[in-house]
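Take a look at the letters that make up each chain.
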Protein chains: 2
Amino acid sequence: MTTATSSRELAHPAREEIRLESVLHALSDPMRMQVVRELAEAEGELSCSYFDLPVTKSTTTHHFRVLRESGVIQQVYRGTAKMNGLRRDDLAALFPGLLDSVLDAAARQERRLADG
Amino acid sequence: MTTATSSRELAHPAREEIRLESVLHALSDPMRMQVVRELAEAEGELSCSYFDLPVTKSTTTHHFRVLRESGVIQQVYRGTAKMNGLRRDDLAALFPGLLDSVLDAAARQERRLADG
DNA sequence: TGCCTCGTACGATACTCACCGTACTACGAG
DNA sequence: CTCGTAGTACGGTGAGTATCGTACGAGGCA
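## Overview of the overall build of chain A
Step number 1: A count of helices and strands for chain A gives five helices and three strands.
Step number 2: Scanning chain A from its N terminus toward the C terminus, one meets helices and strands in the order α-α-β-α-β-β-α-α.
Step number 3: Since a compact globule built from 116 residues should have a radius of gyration of about 13 Å, the 15 Å found for chain A is in line with a globular shape.
Step number 4: For chain A, the spread of C-alpha atoms along the three principal axes comes to 50 × 35 × 25 Å.
Step number 5: Counting only contacts in chain A whose residues sit at least 6 apart along the sequence, the fraction spanning at least 24 positions is 67%.
Step number 6: Accessible area for chain A stands at about 6300 Å²; split by element, carbon and sulfur atoms hold 49% of it.
Step number 7: Within chain A, one finds 15 positive and 17 negative side-chain charges whose respective centroids are separated by 3 Å.

## Some words on the sheet that holds strand 2 (residues 73-78) of chain A
Two modes of strand pairing occur in sheets, parallel and antiparallel, and in both the strands are linked by backbone hydrogen bonds.
Residues and elements named next belong to chain A.
Step number 1: Spatially, three strands are ordered 1-3-2 in an open sheet, and the strand pairing comes out antiparallel. Strand pairing shows two members of the sheet lacking a second neighbour, strand 1 (46-47) and strand 2, which therefore form its edges.
Step number 2: As judged from the two bridges shared by strand 1 and strand 3 (residues 81-86), these two strands associate in the antiparallel manner. Each bridged residue has a counterpart across the sheet, and for Ser47 the counterpart in strand 3 is Met83.
Step number 3: Contacting strand 1, strand 2 and strand 3, helix 2 (residues 30-42) runs over the sheet at an angle of about 80° to strand 3.
Step number 4: Relative to strand 2, helix 3 (residues 57-69) is tilted by about 120°, and along the sheet it contacts strand 2 and strand 3.

## Topic: the nonpolar core
Step number 1: With 60 residues, the main nonpolar core has Phe95(A) and Phe95(B) as its most contacted residues.
Step number 2: If near-sequence neighbours (up to four positions away) are discounted, Phe95(B) is found in contact with Ala105(A), Gln109(A), Arg112(A), Ile18(B), Arg19(B), Leu20(B) and Val23(B).

What counts, and at which threshold
Residues numbered from 1 in each chain as written. Chains lettered and ligands numbered in written order. Predicted model: local features only at pLDDT ≥ 70, side-chain atom pairs only at ≥ 80, totals over all residues. Heavy atoms only, no water. Helix = DSSP H or I, 4+ residues; strand = E, 2+ residues; numbered from the N terminus. Rg over C-alpha atoms; globule rule 2.2 N^0.38 Å. Contact = heavy atoms within 4.5 Å. Areas by Shrake-Rupley, 256 points an atom, 1.4 Å probe, with all protein chains shown as cover. Lys, Arg positive; Asp, Glu negative; His and termini not counted. Charge placed at Lys NZ, Arg CZ, Asp CG, Glu CD. Pairing = 2+ DSSP bridges. Axes fitted to C-alpha atoms, helices over the stretch in contact; angles between N-to-C directions. Core = buried A, V, L, I, M, F, W, Y, C linked by side-chain atoms within 4.5 Å. Buried < 20%, exposed > 50% of the residue type's maximum accessible area, 1.4 Å probe, protein only.

In short, geometric facts, not functional conclusions.
Printed below as a string of structure tokens:
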């Protein structure tokens with residue numbers, strides 16, 4: 001069997017519908033920021049269950065939906081798994097340099113808080 | 001009279017207390033983003049009353065407080081006026097390039113939505 | 001067919017937040 | 001001292017949201 005994409009569809013904003021406010025709001029939650037950082041490191045698609053967030057499954061679903069509806073990630077079903085990927089191209093086209101500087105800022109803050 | 005700074009003090013987070021989540025949250029509100037953009041253009045301090053926001057005075061106070069407590073702006077009393085300035089140096093030290101790419105993103109989005 | 005896993009849907013809860021109006025304080029000008 | 005202006009404090013309201021638990025659906029596997 002070819003691990004085909006399921007027919008279940010998920011609503012995503014088109015590139016031109018993505019709003020800066022929504023992106024910043026999506027990234028202002030530590031849980032979601034963590035997800036985005038891991039997706040950025042992975043450089044590929046990760047399933048929802050890959051992430052070990054300190055919340056229940058339903059809350060996890062909620063956070064992924066916020067990220068998808070704000071245009072930060074794209075999601076697609078692959079069998080029972082739901083794969084997640086950063087919308088790097090769309091974000092770079094709309095807001096050049098934004099994603100990278102946010103990821104860099106998050107990395108710096110983590111280092112700063114860890115080193116004490 | 002020398003327009004001296006009043007003795008009324010305002011609580012600001014120290015540079016190392018500024019958190020990325022809080023900054024992003026502060027910037028995720030269109031009203032506050034507008035304030036930050038005007039402060040960035042002005043390259044100096046502006047009084048609260050300079051801004052013509054479509055909300056009441058009390059709501060304006062609320063937004064300025066969010067910006068101050070997140071570390072995005074500094075505020076100081078000068079007579080009856082309260083002057084506001086971007087904390088460019090602190091933000092640049094903590095999150096290099098972040099403020100500029102956010103401001104650029106906001107400008108691009110405004111242009112994009114205006115041009116249609 | 002039946003089971004297990006991944007993820008959703010829904011309802012509930014508690015909290016945050018954007019907003020308002022009113023009453024108030026601080027300061028400068030006359 | 002009195003008045004006007006800038007901004008605060010406080011209480012309230014309605015909307016959003018982060019969280020949970022439970023029940024459910026979809027797909028792979030035995």
